[in-house]
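# Remarks on the overall topology
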Amino acid sequence: MKIEKLKILYVDDEASNISVFKTVFNRHYHILTAQSAAKGLKILEQHPIRLIITDQRMPNMSGIEFLKQAKQKWPDIKSILLTGYADIEVIKEAINDIGIFRYINKPFDFREMKSTIDGALQLYQLDIDKNKASIVLKEKANKFHNIFKFINDVFIRVDNDGFIEMISPSVYELFGYKPEEVIGKGLKVFMNEKDRNNGLLQIKETGSSNNFETDLYTKDNSLLHVLINSRMQRDEDGIFLGIEYLIRDVTAFKLQQNTLAEHELKLKRFLDNAPVGIALNNMQGKFIEVNREFSRFTGYSVNELNNLSYWDLTPDEYHAQEQIQFDSLEKNNAFGSYDKEYIHKNGHRYPVLLNRVKINGKNGEALIWSAVQDITKQKKAEGTIEIKKAITLLESKNKELEQFAYIVSHDLQAPLNTISSFVGLLEEECKDKLGDNADIYLNFIRQSTKRMKSLITGLLEYSTIGSKRTLEKVNCNELLSLIEDDLQVLIHEKGAVVTCEGLPEIQAYPTEMKQLFQNLIGNALKYSQPDVFPIIHISAKKQDDGWLFKFKDNGIGIDEKFKEEIFIIFQRLHNKEDYEGDGIGLAHCKKIVELHKGEIWVEPNPNTGSVFYFTIKTN
Ligand code: ADP
């Protein structure tokens, strides 16, 4: 590589001087020459000249004048002035004014000239380097300054004796001190001793401190909450030089943090005590946060829920519908309210009411807030209302039916009486004229009217049960005696034994209670086993809200499958030839028991026969 020679301008009005100079120094430098100052200025315009060597005495413009002009435009250029002895005083002044590197008396020694030239060129290079370095330094300082201005942190350097030797200007904004007020002082200007020692301890142990949190005093004695990062400074040999601190004011942040924490606590308390379930899910349905109520009605603990997805609580058949809701959530950001079911931890299902909103999480991710209400109670209440409504309807329908049954049975009685009266007359007055079969026919008519009469009477009685309602004291032992009196012929005929135990005195409808006892005992006698003496045992037991009665017989018993049927009106298990009856008795019993807000049912007697139970409510 060809090394470019440094450019030197030689100006002299004597052509012979120029050619000598050129001949001697051309080997070392790139010499440009001019015979006048004006020509020299032109060359300066065209070439990057580092050094000017000029004669002082020249026509038109002196060397000093020429250098003055040149230096104004190119201040970095070095210069050597060639003088005669007579010029010395003028030159001494000019040296300082213009900054001439050196002056040399003519005629000069070439070796001296060479070393002067080299010295001037070296200085030129040094100046350039110095300038560059100072620019870099200035830039760095600016950056440093800007950073501190921007972050508002305070930078402090403390020397190895613990005195502040450097501090950033931001100390004024933060602490109210000008740098000169604290330089040379100890850190106790800002810090109490305890914190100072704690901080120092940390630095001594680890060589630095990371986000050391403490309070510092400002000039007007108020406290700033700060974070301190510090680093011990040592030289290459490990000698302790001092400590650098970077102090960040976090008072406002801390205050904000405290307020935020307070708000968060309030919100958490509010959410936890909310009577509605609240859950936060990601868009895949995974639980991120739930409140207490949500955990209560799902049966899962908060921790368990954090490992579950919303889909784990949703029954399969709701999945398709749920997906649609999720899709609409993406578009509309909210949906609800709508009903669905959840699966409880223990497996059962229950109804819930949902509202959902899409929100953005801390990192901008989409999340879902759900407000979920367990509506089991409401649904039950709705159900109860429905049932109550149905009962009221049924009750009024029953009333209508009873009314109808009463009218029909009552009105049928008159024509039936007419038929039986006329059959009687026919028998008495026309028997002989009616032919051989008349007796049989008339007998059929008589039997049928009798049966119809008993059906109508039964129906009439059934429809009037409880119509004259007055609760009275009923002594069940006395009631039983009365019935035994009424049934004494039958009891005697059958050789039956009727026993009783613990029968109470109760508030009841007396006529209906007698009918109830009579029907049950009557059936026990009627449905006895052939050739077996009926044994009927009647007992009662006190219960919380009334009495439980028991009528036990040793009769033919009732097949399990007819247990319910026998209480329906006109339902019979036997035909008339085997056992007399209309199938009204037990329907009667049921109606009477229900009138007393009780229930009636039958169980088999373990030793053949049946046991009829009924309850009577007394409060
Ligand atoms: P009825 O006795 O007029 O047939 P009930 O309504 O009194 O009507 O009885 C209905 C049916 O229940 C009877 O037909 C009978 O089959 C059965 N039953 C009632 N009481 C007894 C009893 N103590 N033992 C066996 N069967 C009975």
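Residues numbered from 1 in each chain as written. Predicted model: local features only at pLDDT ≥ 70, side-chain atom pairs only at ≥ 80, totals over all residues. Heavy atoms only, no water.

## A short note on the site of the ligand
In the vicinity of the ligand, 21 residues are found, and the nearest of them are Y527, D553, R572, G583 and L586. Measuring from an oxygen atom of the ligand, one finds a side-chain N or O atom of K526 at 3.0 Å. At 3.4 Å, a backbone N or O of G585 approaches an oxygen atom of the ligand. In isolation the ligand has 520 Å² of accessible area, and contact with the protein removes 98% of it. Contributing elements (two or more residues each) for the shell around the ligand: α17 (510–526), α18 (585–595) and β22 (610–617). With three residues, the single largest contributor to the shell around the ligand is α17. Class assignment for the residues of the shell around the ligand results in nine nonpolar, eight polar and four charged. (Near = heavy atom within 4 Å. Polar contact = N/O pair within 3.5 Å; in protein donor to acceptor, adjacent residues only side chain to side chain. Areas by Shrake-Rupley, 256 points an atom, 1.4 Å probe, with all protein chains shown as cover. Helix = DSSP H or I, 4+ residues; strand = E, 2+ residues; numbered from the N terminus. Nonpolar A, V, L, I, M, F, W, Y, C, P; charged D, E, K, R; others polar.)

## A look at the pattern of salt bridges
In total, this model carries 28 salt bridges according to the counting rule given. One salt-bridge network, in which partners are shared between bridges, spans R157, E165, R231 and E244. (Salt bridge = Lys/Arg side-chain N within 4 Å of Asp/Glu carboxyl O.)

## So, the sheet that holds strand β1 (residues 7–11)
Pairing is parallel in the open sheet, where five strands are placed in the order β2-β1-β3-β4-β5. Bordering the open sheet on either side are β2 (30–34) and β5 (102–105), each of which pairs with just one other strand. Within this sheet the neighbouring strands show an average axis-to-axis angle of 20°, counted without direction. Both β1 and strand β3 (residues 51–55) contribute to a ladder of four bridges, which runs parallel. Paired with V11 across the strands is T54, a residue of β3. Across the face of the sheet, helix α4 (residues 88–99) comes into contact with β4 (78–83) and β5 while running at roughly 155° to β5. (Pairing = 2+ DSSP bridges. Axes fitted to C-alpha atoms, helices over the stretch in contact; angles between N-to-C directions. Contact = heavy atoms within 4.5 Å.)

## Digging into a nonpolar patch on the surface
A contiguous nonpolar patch, built from I440, Y441 and F444 and spanning about 360 Å² of accessible area, is present on the exposed surface. Judged by its relative accessible area of 45%, I440 is partly exposed. (Patch = residues over 30% accessible without salt bridge, like charges linked within 9 Å, V, L, I, M, F, W, Y side chains within 5 Å. Buried < 20%, exposed > 50% of the residue type's maximum accessible area, 1.4 Å probe, protein only.)

## Let's talk about the domain arrangement of the protein
Taken as a whole, the protein is organised into domain 1 (7–130), domain 2 (151–249), domain 3 (256–414) and domain 4 (465–617). Once you take the C-alpha centre of each, domain 2 and domain 3 turn out to be 59 Å apart. (Domains from an automatic or database assignment.)

## Let's talk about the nonpolar core
Soluble globular proteins tend to pack their nonpolar side chains together in the buried interior. Of all hydrophobic cores here, the largest spans 39 residues; its most connected members are I506, M513, F517, I521, F549, F551 and F614. Listing elements by their share of this core, those giving two or more residues are α15 (476–486), β18 (505–508), α17, β19 (535–543), β20 (546–552), α18, β21 (600–604) and β22. The greatest single-element share of this core, amounting to seven residues, is contributed by α17. Residues within four places of F614 in sequence aside, it is in contact with M513, L516, F517, L520, W547, L548, F549, F551, V593, E599 and I600. (Core = buried A, V, L, I, M, F, W, Y, C linked by side-chain atoms within 4.5 Å.)

## Brief notes about the pairing of β20
Counting buried residues in β20 gives five out of seven residues, a clear majority hidden from the surface. Where β19 meets β20, seven bridges bridge the pair, whose relative direction is antiparallel. Its bridge partner lying in β20, K542 is registered against W547. As consecutive antiparallel partners, β19 and β20 are separated by two residues. Relative to β22, β20 runs antiparallel, the two sharing seven bridges.

## Remarks on the side chain of E293
Among the secondary structure elements, E293 is positioned in helix α10 (residues 292–298). Relative accessible area serves as the criterion here: at 15%, E293 is assigned to the buried category. Polar contacts involving the side chain of E293 include one to the side chain of R296, which spans 2.9 Å.

## Topic: the packing of helix α3 (residues 63–73) against α4
The contact between α3 and α4 brings their axes to 11 Å, and the two run at 5°. By the angle class used here, α3 and α4 are roughly parallel. Every residue of α4 that contacts α3 at I64, L67, K68 and K71 is listed here: V90, I91, A94, I98 and G99. Considered class by class, the residues forming the contact of α3 with α4 number six nonpolar, one polar and two charged. (Parallel < 35°, antiparallel > 145°, perpendicular 65-115°, else oblique.)

## Considerations on the pairing of strand β7 (residues 164–167)
One ladder, built from three bridges, connects strand β6 (residues 154–159) with β7; its direction is antiparallel. Among the inter-strand pairings, R157 is bridged to a residue of β7, identified as M166. Hairpin connection between β6 and β7: a loop of four residues separates the two successive antiparallel strands, and G162 in this loop has a positive phi of roughly 90°.

## With respect to helix α14 (residues 438–464)
The end-to-end C-alpha distance of α14 is 38 Å, a good match for the 39 Å that 27 residues give at a rise of 1.5 Å each. For α14, the complete set of buried residues consists of A438, L442, T449, I456, G458, L459, L460 and S463. The inward-facing, buried residues of α14 abut α13 (376–430) and α18. (Expected span 1.5 Å × (residues − 1).)

## Focus: the environment of L200
Its location among the elements puts L200 in helix α8 (residues 193–206). On the basis of relative accessible area, L200 is assigned to the partly exposed category, the value being 29%. The spatial distance from the C-alpha of L200 to the C-alpha of I243 is 9.7 Å, given a sequence separation of 43 residues. Apart from the residues within four sequence positions on either side, L200 is in contact with I243 and Y245.

## A word on unusual backbone geometry
The omega torsion of the bond from K106 to P107 falls at -10°, within 30 degrees of zero and hence cis. Examined against the element boundaries, P107 turns out to sit in the loop between β5 and α5 (110–151). Here the phi dihedral of D531 falls at roughly 65°; this positive angle occurs in a residue that is not glycine. As for its position among the elements, D531 is in the loop between α17 and β19. One non-glycine residue, K597, lies in positive phi territory at about 55°. Its place among the elements puts K597 in the loop between α18 and β21.

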